Amino acid sequence: SYTIDNQSVVTPMLSQMQASNIGQTIVDLSAFVNRYYTTTGGVNGSNWIKDKWTQMASGKTNVTVEQFTHAGWPQKSVIMTIRGSDNASEVVVLGGHLDSINTAGTSENTSAPGADDDASGIASLTEAIRVMFANNYQPRRTIKFIAYAAEEVGLKGSAEIAKKFKTDGVNVVGVMQLDMTNYKGSAKDIYLFTDYTNAAQNTFVSNLITTYQPSLTIGSDSCGYACSDHASWNAQGYPTSMPFETAMNEDNPKIHGPGDTYANMGSQANHALKFARLGASFAVELGSDGP
Ligand SMILES: N[C@H](Cc1ccc(I)cc1)C(=O)NO
Ligand SMILES: [Zn+2]
Ligand SMILES: [Zn+2]
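About the cut-offs
- Residues numbered from 1 in each chain as written.
- Chains lettered and ligands numbered in written order.
- Predicted model: local features only at pLDDT ≥ 70, side-chain atom pairs only at ≥ 80, totals over all residues.
- Heavy atoms only, no water.
- Donors = N, O, S within 2.8 Å, 3.2 Å for Na, K, Ca; no water.
- Tetrahedral: all angles 85-135°; square planar, octahedral: opposite > 155°, others 65-115°.
- Buried < 20%, exposed > 50% of the residue type's maximum accessible area, 1.4 Å probe, protein only.
- Helix = DSSP H or I, 4+ residues; strand = E, 2+ residues; numbered from the N terminus.
- Disulfide = S-S within 2.5 Å.
- Pairing = 2+ DSSP bridges.
- Contact = heavy atoms within 4.5 Å.
- Axes fitted to C-alpha atoms, helices over the stretch in contact; angles between N-to-C directions.
- Near = heavy atom within 4 Å.
- Polar contact = N/O pair within 3.5 Å; in protein donor to acceptor, adjacent residues only side chain to side chain.
- Areas by Shrake-Rupley, 256 points an atom, 1.4 Å probe, with all protein chains shown as cover.
- 1 Å grid on protein atoms, 1.4 Å probe; cavity = no way out; pocket = protein on both sides within 12 Å on 5 of 7 lines; lining within 4 Å.
- Sits in = over half its atoms within 2 Å of the grid points.
- Nonpolar A, V, L, I, M, F, W, Y, C, P; charged D, E, K, R; others polar.
- Salt bridge = Lys/Arg side-chain N within 4 Å of Asp/Glu carboxyl O.

Before going further, it helps to examine the coordination of the zinc ion (ligand 2). Protein coordination at the zinc ion (ligand 2) comes from His97 (NE2), Asp117 (OD), Asp179 (OD) and Asp179 (OD), with a distance range of 1.9 to 2.2 Å. Metal-centred angles of 31 to 155° between the 6 donor atoms at the zinc ion (ligand 2) mark the site as irregular. Mapping the donors of the zinc ion (ligand 2) onto the primary sequence gives the spacing H-x19-D-x61-D. The buried category is assigned to His97, whose relative accessible area is 0%.

Shown next, in the form of structure tokens:
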């Protein structure tokens, strides 16, 4: 159910979240020359996230971090699983993609920093993970954080993962995608996309924002095509939401090229912090529901 009733857990977490932490992760991830799905940088970027999330999980007996090996290319996806206590069969998924692309042609040494697209989403998720662990949060449902490989080349990583979850009969109760969270290009703060998503869950997400971040303004828009990994989950019949950084026609003009850098976003992560907080509230409110 989409009841919002965990304020005592969520509110302290949100106040502990810091834009500076998000910014550091964006800097670290966008330092690889590129994270294209077939290059050394692409493989190293995946390993960097796996190592970071593994370090963050150290000492947590209910947490595992694994890499998902894809059939047709070398870049692996990264999956962190926080096992639920008494409702572990129901799964909440939050994701972003770890790959980047330079549409002028991505080879070993082509620059594709992907700071906004999508280091910002990975960084937002990572800050949510940090505060959930710092507060020793134990969900009743299982929560999975996923950094997808090969999104830019046709949502390939998430398509393979979502299909496997469906084949294995995993009961995913909700999916949130964070793809581009740090470029404030529009008047409103968070735009909820209506296509390839679930309307009821989008209402819940909107209520999360008004409850936990009441000063933020909410917009609505549509991509018009399968514009990120939420579409892979939607295709398998799972409920998804895609909170996006801008309105459709005002998206970051620097993406998919050498100019998608942290510096070109003002070397600050204040916009991404809103999405990190939304991710944490989504994870805790859905993750705390019993059977
Ligand atoms: N196409 C998406 C980004 C994207 C998503 C929505 C809109 I509107 C504009 C741009 C992408 O490149 N994801 O990696
Ligand atoms: Zn993206
Ligand atoms: Zn992209």
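Right, picking up where we left off after that structure.
We now examine the coordination of the zinc ion (ligand 3). In the first shell of the zinc ion (ligand 3), the protein supplies Asp117 (OD), Glu152 (OE), Glu152 (OE) and His256 (NE2), at 1.9 to 2.4 Å from the metal. One way to put it: the 6 donor atoms around the zinc ion (ligand 3) meet at angles of 57 to 156°, and that makes the site irregular. Written as a sequence motif, the donor residues of the zinc ion (ligand 3) are D-x34-E-x103-H. Here the zinc ion (ligand 3) and the zinc ion (ligand 2) are spaced 3.5 Å apart, with Asp117 acting as a shared donor. Taken as a pair, Asp117 in helix H4 (residues 115-134) and His256 in the loop between strand E9 (243-244) and helix H8 (270-287) lie far apart in primary sequence, 139 residues in all. For Asp117, a relative accessible area of 4% gives the class buried.

Here we take up the state of the cysteines. Within this structure, the stated rule accounts for 1 disulfide. Here Cys223 is linked by a disulfide to Cys227, with a sulfur-sulfur distance of 1.9 Å. Between Cys223 and Cys227, the disulfide has an S-S torsion of 70° and is therefore right-handed. Under the relative-accessibility criterion, Cys223 is labelled buried at 9%.

Another point: the sheet that holds strand E1 (residues 63-68). Across the sheet, which stays open at both edges, the 6 strands sit in the order E1-E2-E4-E3-E5-E8 with mixed pairing between neighbours. Two strands in the sheet have a free side with no partner beyond their single neighbour: E1 and strand E8 (240-241). Taken together, the 8 bridges between strand E3 (residues 87-97) and strand E4 (residues 141-148) define a ladder with parallel strand orientation. From the neighbouring strand, Gly96 faces E4, where its bridge partner is Ala147. Sheet strands touched by H8: E3, E4 and strand E5 (171-177). Its angle to E3, the strand with the most contacts, is close to 165°.

This brings us to the site of ligand 1. Lining the immediate environment of ligand 1, one finds 14 residues, of which Glu151, Asp179, Tyr225, Met248 and His256 sit closest. Note that an oxygen atom of ligand 1 is positioned 2.8 Å from one of the side-chain N or O atoms of His256. Contact with the protein chains hides 92% of the accessible area of ligand 1, taken as 390 Å² for the molecule alone. At a threshold of 2 Å from the grid points, most atoms of ligand 1 map onto the largest pocket. Across the shell around ligand 1, the residue classes break down as 7 nonpolar, 2 polar and 5 charged.

Of the consecutive residues Asp117 and Asp118, the connecting peptide bond is found in the cis state with omega at 5°. Relative to the assigned elements, Asp118 resides in helix H4. In this structure, Asn136 is a non-glycine residue whose phi angle is positive, near 50°. Within the secondary structure, Asn136 is located in the loop between H4 and E4. Its relative accessible area of 58% is what places Asn136 among the exposed residues. The phi angle at His256 is positive, at roughly 70°, despite the residue not being glycine. Look at His256 and you get partly exposed, because its relative accessible area is 25%.

This part covers the pattern of salt bridges. Scanning all chains against the criterion turns up 7 salt bridges. For Lys50, the salt bridge goes to Asp51, with nearest N and O atoms at 3.3 Å. The partly exposed category is assigned to Lys50, whose relative accessible area is 25%. Put simply, Asp86 and Arg140 hold a salt bridge, and the shortest N to O gap is 2.6 Å. Residue Asp86 is found in the loop between strand E2 (77-82) and E3, and its partner Arg140 is found in the loop between H4 and E4; the two are separated by 54 residues along the sequence. What makes Asp86 partly exposed here is its relative accessible area of 41%. For Arg140, a relative accessible area of 33% corresponds to the partly exposed category. Each of Glu90, Arg141 and Asp289 takes part in a single network of salt bridges with overlapping partners.

What is shown is where atoms sit, not what they do.
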